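Chain residues, written in single-letter form:
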Amino acid sequence: MSTILFELGCEELPPKSLKPLRDALQASIAEQLTAADITFDSIKAFAAPRRLAIQIQGISDKQPDRTEQKRGPAIKAAFDAEGNPTRAAMGFAKGLGIEASELTTINTDKGDYVGFEQTIRGQATTELLPAIFQTALDNLPIAKRMRSGASRNEFVRPVQWAVLMQDDTVIDATIQGHQTGTQTRGHRFHSPDYHNIAHANDYEKLLDGLKVVADFDKRQMLIKNQVKALADEVNSDAIVPQDLLDEVTALVDFPIALRASFEARFLQVPQEALISTMQADQKYFCLTDKTGKLQPYFIFITNIESKDPNQIIEGNEKVVRPRLADAEFFFLQDQKQPLFALTESLKNRVFQDKLGTIWEKSERIAKLAAFIATLMQQQGHDINVDETVRAGILSKADLASSLVGEYPELQGIAGTYYARLNDEPEAVAASLEEQYLPKFSGDVLPQTPIGICLALADRLDTLVGIFAIDQAPTGSKDPFSLRRSAIGILRILIEKQLPINLVALVEQAIKGYSDAEGSKIAKMGDTFTQVMAFLNSRYRAMYTEQGVSVDTIQAVQAINPHMPLDFDQRIRAVQAFSELSQASMLADSNKRVANILAKSEVSVADTVDEALLSESAEQNLYANVQQAQTVVQPLLEQADYTQVLQTLASLDEPLTQFFDQVMVNSEDAALKNNRLALLKQVRALFLTVADISELQL
């Protein structure tokens, strides 16, 4: 057992790709070693701005020997009548490098054949590793590879050196066009020369001394700890998004955190704009107080250990000042006119060629949001319809602002700031930011009633419009993010406990595209059908992500509820039902009932003639069905589907007895039809919640 060290030294690797490259390299090498039957105790990947490395400890020196059975021609073809080998047998033996007398007999189901068991010697690990590492490099997820100078070798960045060692010995190979050796390089500024690696186990310790923290995760933890310490010194919390942290970690070999400041006057600018420019352009970590309010500090990570850190701090403060000043300028420029005035320019901005301008979209959002607000009012929610209309008209106004033009990610956020500065009602102002929630899977939902109305209206309007012009998502293509929008609609209606019918919402959204000149939607019926089908199809993606089984989702989809909140309540009820001891039998019985009814050649009656119930088992089932119908009716009115299914679980035994003792397809047509009617009532009871026959229990 020994230690293998591989290192590929490059020019600075792309920071956003460094962590994925590290993970992909390690995974590929581990997979190839396993496939080659080479054992090892551990494998560790290193990644820094100028290197990717792998250290494998406790690796076996060679592959194990293996026995391979070679099968030749059939015995009848291999030997003649006197038992002498034929040309076929001799040719087979010659191909294996043996005498025909060494052949053995292999017995199979299809007859007997001549054969030979051959021992294949395992190759030395050092012979296999160069190809394994090169294959792993070739398979890395690199969008665009480059060549350096006259070299024909391609990689994400020019390669400068390659190390491949077994313990203290070089494994001679050429990787990425470079001869392997034992020399690595340290920090570009603090230790730029080549340094010899005495032993593969010394790699990480050696680089630590050369001002390179090669372990990506260790380097990241150093950054986090330093950032927290500096933030604590000014009683603040650092904003540390994981993507930014990964990128900064990939930019430095030897991280040193420093805190700088900016003028407090910039804090009048929306903090989201300041945070955006400092994170995206400068890779800074911003600081907030304990309430989330931005503080006039930022923390940056430098890659050198300076004798005079103040010069670096002053340099960064000098660089960031113009960027913050730009944000301030845009913010002040926008305030020279009220937010509503910005809507005028939306009349010349196209939302989509066939669907009109952004102003027209705002008008549609206002009308649809007002419709939803009216429904919410009727359900007891405190919401002002006039304010909802005002919010809809202003919903896209900030798209014409200078601030959003410079920082597109601030759409909605900027509108909220400007609305408050214009003394718009707080309910209107808050909704302008909330209209875009949720922005991604698992994101927070809008909190205010008007925000909910805008979020629903915006998504529904886009869904209907895009489907109407035949640009529905196909495969992996979804340029308008309609799948995410659909799930957003479902989440809002479910999690905000809004008993609103999707049919009403989609119909109203379609009507929004009609005006005095007609409708922008040519096939309103087709559009309605397609949008409803699309929304219903999103349930599966949403619930499987929550861990709900596919058959549970299908059981509810089979009865096609049009109210997402109702759909969710049924899902929860079926989940609870699936845990019951009677669930499996009842699911099977429902399948049997469904099959019997489907095969009926006559129309099955809705009512049962009690006088025709001749068998005790069918009389008992009928009595239990009658009782269940009585109990279930008020539960259905309360949408207590869990209790409905709990009640119907009592039909377990009567149904079993019925199928054991009663012949449904009686020769007497009257008896047969009456029994089918009884089963139809059983089936109808379960279908009040879901199609239990879909369950795979």
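Residues numbered from 1 in each chain as written. Predicted model: local features only at pLDDT ≥ 70, side-chain atom pairs only at ≥ 80, totals over all residues. Heavy atoms only, no water.

(A) Local environment of the overall build of the protein. What the protein contains, in helices and strands, is 26 helices and 22 strands. Taken over the C-alpha trace, the protein has a radius of gyration of 36 Å; the compact-globule value for 697 residues is 26 Å, which it surpasses by more than 25%. Expressed as lengths along the three principal axes of its C-alpha atoms, the size of the protein is roughly 105 × 95 × 50 Å. The proportion of buried residues among the 697 residues of the protein is 48%. Here the protein displays about 32,900 Å² of accessible surface, and carbon together with sulfur accounts for 48% of that area. (Helix = DSSP H or I, 4+ residues; strand = E, 2+ residues; numbered from the N terminus. Rg over C-alpha atoms; globule rule 2.2 N^0.38 Å. Buried < 20%, exposed > 50% of the residue type's maximum accessible area, 1.4 Å probe, protein only. Areas by Shrake-Rupley, 256 points an atom, 1.4 Å probe, with all protein chains shown as cover.)

(B) Structural view of helix 22 (residues 583-598). An ideal rise of 1.5 Å per residue puts 22 Å on 16 residues; helix 22 measures up with 22 Å between its terminal C-alpha atoms. Those residues of helix 22 that are buried lie in contact with helix 21 (564-578), helix 24 (641-648), helix 25 (652-661) and helix 26 (669-687). (Expected span 1.5 Å × (residues − 1). Contact = heavy atoms within 4.5 Å.)

(C) Summary view of unusual backbone geometry. Cis rather than trans, the peptide bond between L437 and P438 has omega equal to -5 degrees. By secondary structure assignment, the location of P438 is in the loop between helix 15 (426-434) and helix 16 (449-468). The backbone of S481 shows a phi angle near 55 degrees, a positive value even though the residue is not glycine. Positionally, S481 belongs in the loop between helix 16 and helix 17 (482-495). Judged by relative accessible area, S481 falls into the partly exposed class, the value being 21%.

(D) Molecular detail of the pairing of strand 17 (residues 285-288). Going residue by residue along strand 17, you find F285 and L287 tucked away on one face and C286 and T288 tucked away on the opposite face as well. As paired elements, strand 15 (residues 237-238) and strand 17 share two bridges and run antiparallel to each other. Bridge pairing in strand 17 links A238 to L287. Of the pairings in the sheet, the one linking strand 17 to strand 18 (residues 294-302) comprises three bridges and is antiparallel in character. Following the sheet pairing, T288 is matched in strand 18 by L294. (Pairing = 2+ DSSP bridges.)

(E) Inspection of the sheet that holds strand 10 (residues 169-170) at higher detail. Pairing is antiparallel in the open sheet, where five strands are placed in the order 2-3-1-9-10. Strands with a single pairing partner mark the edges of an open sheet, and in this sheet they are strand 2 (42-48) and strand 10. Pairing analysis gives seven bridges linking strand 1 (residues 2-10) to strand 3 (residues 51-59), with the strands arranged antiparallel. Across the sheet, the residue bridging to I4 is I56, located in strand 3. Across the sheet, helix 4 (residues 125-138) touches strand 1, strand 3 and strand 9 (159-166), and the angle it forms with strand 1 is around 35 degrees. (Axes fitted to C-alpha atoms, helices over the stretch in contact; angles between N-to-C directions.)

(F) Structural view of the side chain of T288. Here T288 shows up in strand 17. Beyond its immediate chain neighbours, meaning those up to four positions away, T288 contacts S236, D237, I239, K293, L294 and Q295.

(G) Just the packing of helix 16 against helix 17, in detail. One way to put it is that helix 16 packs onto helix 17 with a least axis distance of 10 Å and a crossing angle of 140 degrees. Helix 16 and helix 17 meet at a crossing whose hand is left-handed. Across the interface between the two elements, I452, A455, L456, R459, L460, T462, L463, I466 and F467 from helix 16 touch L482, S485, A486, G488, I489, I492 and L493 from helix 17. Tallied by class, residues from the contact of helix 16 with helix 17 come to 12 nonpolar, three polar and one charged. (Left-handed = near helix turned anticlockwise from the far one by under 90°. Nonpolar A, V, L, I, M, F, W, Y, C, P; charged D, E, K, R; others polar.)

(H) Broad picture of the packing of aromatic side chains. Taken as a whole and judged by the stated rule, the model has 13 aromatic pairs. Arranged with centres 5.3 Å apart and planes meeting at 70 degrees, the rings of F46 and Y203 form a pair that is edge-to-face. Of this pair, F46 sits in strand 2 while Y203 is found in helix 5 (residues 203-209), placing the two residues 157 residues apart along the sequence. Classification of F46 as buried rests on a relative accessible area of 0%. One aromatic cluster in this structure is built from Y284, F298 and F300. Lying across the ring of F351, K361 places its NZ or CZ 4.5 Å from the centre. When the ring centre of Y641 is taken as reference, the NZ or CZ atom of R570 above it lies at 4.2 Å. (Phe/Tyr/Trp six-rings, centres within 6.5 Å; stacked < 30°, edge-to-face > 60°. Lys NZ or Arg CZ within 6 Å of the ring centre and 35° of its normal.)

(I) Spatial organisation of the sheet that holds strand 18. Spatial strand order, 15-17-18-16: four strands in an open sheet with antiparallel pairing. Strand pairing shows two members of the sheet lacking a second neighbour, strand 15 and strand 16 (256-261), which therefore form its edges. With six bridges connecting them, strand 16 and strand 18 associate as antiparallel partners. Across the sheet, residue S261 finds its bridge partner in strand 18, namely Y297. Sitting on the sheet, helix 8 (residues 271-280) is in contact with strand 17 and strand 18, with an inclination near 5 degrees to strand 18.

(J) Structural context of the side chain of T647. With respect to the helices and strands, T647 occurs in helix 24. Judged by its relative accessible area of 16%, T647 is buried.

(K) Expanded view of the pairing of strand 5 (residues 104-108). One ladder, built from five bridges, connects strand 5 with strand 6 (residues 111-120); its direction is antiparallel. Following the sheet pairing, T105 is matched in strand 6 by V114. Two successive antiparallel strands, strand 5 and strand 6, enclose a turn made up of two residues.

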